[in-house]
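Letter by letter, the chains look like this.
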Amino acid sequence: MRIGELAAAVGVTTRTVRHYHHLGLLPEPERLANGYRHYTLRHAVVLARIRRLTELGLGLAEVRDVLVDDAGKDLVEVLTELDEDLARQEAELRERRARLRGLLEHGELPAEGPVSAELASLLSGMADPSDSPMAAKDRDILTLLDTAAPAEARERMFTALRGALGSPDVLARAQEAYALLDQLADAEPGDPRVAEAARALAACLPPELRSGAPVDHDNAVLRAVYADMAPAQAEVVRRVLRNLTEGRS
């Protein structure tokens, strides 16, 4: 057989055959006197095997390992691992589809885009971001934490905030805190209004968020948060975080 006939017989392209030659998966055939490659039944059998293995999902490096062992005694192990990997992928796809259904069933997506169902529920009860630049910034930070925070910490934080936002008093205090923070947009850390804004912001936070663990104010996320705020606003957040972790109000 010539290369075109081999490719057609197995259902691949001649380019694929040449690629397998280049990778060493398919042995190079002898050349006839006229210079054409002459493929035998053995080449067709090997090529068909490569096709079956790749269709099962094996990568070419894994196919090479299988082909090295002519007896095929490692094939069961390789296919078992592949089956387990496909099962994990199926589970991940089911989870992703469930999250998508949750977003679609929620109705109108938040302006922040696709977020977890827990955060979408939380954002729906928060202040309108168009009313306050700091309210909009707060939503952006929560959206970042929705992706970046460890699952356990994220769940604890969102549960506590959702419970607090169920109170009209908390919503009113949040509006007041946002207004005070907005007024500090051009202020420095030593501004006397910083202390008042810190007290107002701390009064909005549920006690469940208090922790004895110290906050690393120099970590990358907090540095980015502080850099995105005016100096006085960043100082307010620093004071509130210190008070929360030290158990003070």
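Caption draft 1: Highlighting the pattern of salt bridges. Inspection of every chain in the model, using the stated rule, returns eight salt bridges. Across the pair arginine 154 and aspartate 146 runs a salt bridge, and its minimum N-O distance is 4.0 Å. Given a relative accessible area of 21%, arginine 154 falls into the partly exposed group. The network of salt bridges with common partners includes Glu235, Arg238, Arg239 and Arg242.

Caption draft 2: The arrangement of the environment of alanine 179 in detail. Considering the arrangement of structural elements, one finds alanine 179 in helix α9 (residues 168–183). You can call alanine 179 partly exposed: its relative accessible area is 35%. Along the chain, alanine 179 and alanine 197 lie 18 residues apart, while their C-alpha atoms are 8.9 Å from each other.

Caption draft 3: Representation of the nonpolar core. Membership of the largest hydrophobic core comes to 41 residues, with the highest contact counts inside it found for Leu119, Leu122, Met126, Leu142, Leu184, Val236 and Val240. Listed by contribution, the elements that provide at least two residues to this core are α6 (117–124), α7 (133–148), α8 (151–165), α9, α10 (193–204), α11 (220–227) and α12 (231–245). If we ignore the near neighbours within four places in the chain, the residues touching valine 240 are Ala198, Leu201, Ala202 and Leu205. In this structure, Ile3, Leu6, Tyr39 and Val46 belong to the second largest nonpolar core, which totals 19 residues.

Caption draft 4: Structural view of the environment of alanine 185. Note on placement: alanine 185 falls in the loop between α9 and α10. For alanine 185 and methionine 229, which are 44 residues apart along the polypeptide, the C-alpha to C-alpha distance reads 7.6 Å. In this structure, alanine 185 is in contact with Ala230 and Gln233, ignoring residues within four places of it in sequence.

Caption draft 5: Expanded view of α8. Between its terminal C-alpha atoms α8 stretches 21 Å, which fits the 21 Å expected from 15 residues at 1.5 Å a residue. Every buried residue belonging to α8 is among Met157, Phe158, Ala160, Leu161, Ala164 and Leu165, and all of these are buried. Buried residues in α8, looked at end-on, bunch into an arc of 165°, giving them a common side. In this structure, α8 carries Glu152, Glu155 and Gly163 as exposed residues pointing more than 90 degrees from its buried face.

Rules used in this analysis
Residues numbered from 1 in each chain as written. Predicted model: local features only at pLDDT ≥ 70, side-chain atom pairs only at ≥ 80, totals over all residues. Heavy atoms only, no water. Salt bridge = Lys/Arg side-chain N within 4 Å of Asp/Glu carboxyl O. Buried < 20%, exposed > 50% of the residue type's maximum accessible area, 1.4 Å probe, protein only. Helix = DSSP H or I, 4+ residues; strand = E, 2+ residues; numbered from the N terminus. Core = buried A, V, L, I, M, F, W, Y, C linked by side-chain atoms within 4.5 Å. Contact = heavy atoms within 4.5 Å. Expected span 1.5 Å × (residues − 1). Arc of directions from axis to C-beta.

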